[in-house]
Amino acid sequence: MEELIEQLKAQIIEVLNLEDMTPADIDANAPLFGEGLGLDSIDVLELIVMLEKEYGIRLSNPAEGKAIFASVATIADYVSKNRKK
Amino acid sequence: MANRCYIRSVAQVSCQQPLCDDWLSAPLSHDGSYAGAVEPQTRGVISPGDARRMGKILKRTVCTAYSALTSSGIEMPDAIVTGTGMGCMENSEKFLTDLVLNGEHCLKPTLFMQSTHNTISSLVAITLKCHGYNNTYSHGALSFDSALLDAWLQLRSGGIASALVGAHDEVTPSLARILEHTHPEYAFISETSMAAVLSAEAGEGPAVVVEDVRMANNWTAEDVAAYLGDEDRVIIAGTNGNALNDEPYARVLDALDAPRTVLRYKHVFGENFSAPAMAFYVGATLLTRQAMPAFLVEKDGGHGAGAPLESVTLLNHAGLAAWSVVRLRRL
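These numbers were taken from a predicted model, which means no experiment stands behind them.

Asks: Please provide a residue-by-residue account of the domain arrangement of chain B, values included.
Replies: A common way to report how large an interface is uses the accessible area buried once the components associate. Residue and element names in this part refer to chain B. Each domain of chain B was delimited in the assignment, giving domain 1 (6-199) and domain 2 (208-330). The distance between the C-alpha centroids of domain 1 and domain 2 comes to 23 Å. Counting residues at the interface gives 44 residues for domain 1 and 42 residues for domain 2. Summing the contributions of domain 1 and of domain 2, the shared interface buries around 3,700 Å²; its carbon and sulfur component is 70%. The three residues of domain 1 that bury the most area against domain 2 are Ile-7, Trp-23 and Leu-24, which together make up 17% of that side's buried surface. Taken together, the connections running from domain 1 to domain 2 amount to one salt bridge. For Arg-289, the salt bridge is made with Asp-21, and the minimal N-O distance between the two is 3.0 Å. The interface formed by domain 1 and domain 2 includes 20 residue pairs in polar contact (both at pLDDT 80 or more). When contributions to the side of domain 1 that touches domain 2 are tallied by element, the ones reaching two or more residues are strand S1 (6-13), helix H6 (143-157), strand S4 (162-169) and strand S5 (192-199).

Asks: Could you give me a rundown of the pattern of salt bridges, with the residues and numbers involved?
Replies: Under the counting rule described, the total for this entry stands at 17 salt bridges over all chains. For B:Lys56, the salt bridge goes to B:Glu90, with nearest N and O atoms at 3.8 Å. Of the two residues, B:Lys56 sits in helix H2 (residues 56-72) while B:Glu90 sits in helix H3 (residues 89-102), which places them 34 residues apart along the sequence. Relative accessible area serves as the criterion here: at 17%, B:Glu90 is assigned to the buried category. The network of salt bridges with common partners includes A:Asp40, A:Asp43, B:Arg52 and B:Arg53.

Asks: If you had to explain the interface of chain B and chain A to someone new, which residues and values would you point to?
Replies: In this assembly, eleven residues from chain B lie in contact with 13 residues from chain A. Between chain B and chain A, the buried area comes to about 1,200 Å², and carbon and sulfur atoms account for 48% of it. On inspection of chain B and its partner chain A, the count reaches three salt bridges. The shortest N-O distance in the salt bridge between B:Arg53 and A:Asp43 comes to 3.0 Å. Our count for the contact surface shared by chain B and chain A stands at six residue pairs in polar contact (both at pLDDT 80 or more). For the side of chain B that touches chain A, the leading source of residues is helix H4 (residues 109-113) of chain B, giving three residues. Looking at the side of chain B that touches chain A, its residues break down into four nonpolar, three polar and four charged.

Asks: Could you give an account of the packing of H6(B) against helix H11 (residues 276-289) of chain B, naming the residues involved and the relevant values?
Replies: All names here are of chain B. Following both chains from N to C, one finds H6 and H11 inclined at 55 degrees, their axes separated by 7 Å at the closest point. Relative to H11, the element H6 lies oblique. Two secondary-structure elements touch here, H6 through Phe-144, Asp-145 and Leu-148 and H11 through Pro-276, Ala-277 and Phe-280.

Asks: I'd love a proper account of the packing of aromatic side chains, names of residues and values included.
Replies: Residues and elements named next belong to chain B. Considering all chains together, one arrives at seven aromatic pairs over all chains under this definition. A ring pair is formed by Trp-23 and Tyr-281, whose centres lie 6.0 Å apart and whose planes are at 50 degrees; its orientation type is tilted. With Trp-23 in the loop between S1 and helix H1 (48-51) and Tyr-281 in helix H11, this pair connects stretches of sequence that are 258 residues apart. With a relative accessible area of 1%, Trp-23 lands in the buried category. Their ring planes at 40 degrees and their centres at 5.7 Å tell us that Phe-95 and Phe-112 sit as a pair that is tilted. Note that Phe-95 is positioned in helix H3 and Phe-112 in helix H4, a separation of 17 residues in sequence.

Asks: Let's hear about helix H4 (residues 72-82) of chain A: which residues, and what values?
Replies: Residue and element names in this part refer to chain A. Those residues of H4 that sit buried are Val-72, Ile-75, Ala-76, Tyr-78 and Val-79. For H4, the buried positions fall inside an angular range of 165 degrees around the axis, keeping them on one side. Here the buried face of H4 lies against helix H1 (2-15), helix H2 (41-55) and helix H3 (65-68).

Asks: Got a sec to walk through the pairing of S4(B)? Specific residues and values, please.
Replies: The buried fraction of S4(B) is high, at eight of eight residues. Residues of S4(B) alternate between two faces, with B:Ser162, B:Leu164, B:Gly166 and B:His168 on one and B:Ala163, B:Val165, B:Ala167 and B:Asp169 on the opposite face, all of them buried.

Asks: Let's hear about the environment of B:Arg53: which residues, and what values?
Replies: Secondary-structure assignment places B:Arg53 in the loop between H1 and H2. On the basis of relative accessibility, which here comes to 16%, the residue B:Arg53 falls in the buried class. Sequence separation between B:Arg53 and B:Leu111 is 58 residues; the distance between their C-alpha atoms is 8.6 Å. Among the polar contacts made by the side chain of B:Arg53, one reaches the side chain of A:Asp40 at a distance of 2.5 Å.

Asks: With reference to specific residues and values, describe the pairing of strand S10 (residues 311-317) of chain B.
Replies: Residues and elements named next belong to chain B. When you tally the buried positions in S10, you get seven out of seven residues, the bulk of the element. Here S10 shows two buried faces, one formed by Ser-311, Thr-313, Leu-315 and His-317 and the other by Val-312, Leu-314 and Asn-316. Sheet topology note: the strand S7 (residues 234-237)/S10 ladder contains three bridges and is parallel. Bridging across to S10, Ile-235 finds its partner in Thr-313. Inspection of the sheet shows S10 paired to strand S11 (residues 323-330) by seven bridges, in the antiparallel sense.

Conventions adopted
Residues numbered from 1 in each chain as written. Chains lettered and ligands numbered in written order. Predicted model: local features only at pLDDT ≥ 70, side-chain atom pairs only at ≥ 80, totals over all residues. Heavy atoms only, no water. Domains from an automatic or database assignment. Contact = heavy atoms within 4.5 Å. Buried area = accessible area lost by both parts, 1.4 Å probe. Salt bridge = Lys/Arg side-chain N within 4 Å of Asp/Glu carboxyl O. Polar contact = N/O pair within 3.5 Å; in protein donor to acceptor, adjacent residues only side chain to side chain. Helix = DSSP H or I, 4+ residues; strand = E, 2+ residues; numbered from the N terminus. Buried < 20%, exposed > 50% of the residue type's maximum accessible area, 1.4 Å probe, protein only. Nonpolar A, V, L, I, M, F, W, Y, C, P; charged D, E, K, R; others polar. Axes fitted to C-alpha atoms, helices over the stretch in contact; angles between N-to-C directions. Parallel < 35°, antiparallel > 145°, perpendicular 65-115°, else oblique. Phe/Tyr/Trp six-rings, centres within 6.5 Å; stacked < 30°, edge-to-face > 60°. Arc of directions from axis to C-beta. Pairing = 2+ DSSP bridges.

What follows is the structure in structure tokens.
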């Protein structure tokens, strides 16, 4: 799981163009939205595209999004259970 | 009586030092047929959170708009009018590459949202929270002139009191390779981002006005020459040293009955669909500074060294029979 979390951090930095950040700057358990990284709804769309492209995951239920994207750790947990590649 | 249209400020990002007039005394020289823009510092102008979603052209646009507005003393223009030939080219390329490589299922929303032509003008409006008139013209090498004509007419008629007018084009290396084939009349390709603040009221400092803006798509060289009057003594032309480009200008100048001083600018700022905006920038700068550096002079028509520079006429040939003439005058 640790390896997946580090991989996700690097992918989030790349996809969201967080130029001044390194994986070490991201707390895996910190909220991604509002506080923490301060991401917004467009970033969610970018992350949804990233999950499909990198892990073959298509989110079919939008209501799950809030829980899945709460933090890097929750994304990693969801990816580990649902990844297709 | 129509209002005057004062040029309150101009700002540029190009292959010269950005957001300054260093090019007047120390122009950067570039080897080869293509040079990208010198990027401006965005820190202090664009927050890191906003900047991460912006492509280069959007950052340059915000920087030139911010610089021009700050210099003009006008915080909120009544209108934002923009010209661009190709819009957000870099994002368009990335989006289309994703489409080819990954199909339609994994397209990035930011690239989709920020790859249209009118993204540029609307982003400035969003950044300024400007709810006024906002329009984008994409008419090849007449894009800037079209935007200028729109703002000029509205200012002259009293419809608006101020406008942020600009032209922006980014040229990626792959687009440069394409342009070298599709536009053999080009000599030196580069990128342009230019913003100007126009106002019905004069600001502090020298007063320079846009006296006339005229576009035509059915003019012969003789028609252009006939439109140019005796007062058009100093002409900033779109010549670039390439005979394919320069021949129409030569025919116009040959048809004039008196010698004119001809200045050029494309060897300094490069060529793209927004390049004519740099003629406007150069003209406004020379009139304000009362300068005429020797490296701009293509033909000396008897304008004496040190003589007051009262007006400049911008002459832009946009292919076939399409021309624009813009007169700038110092009051």
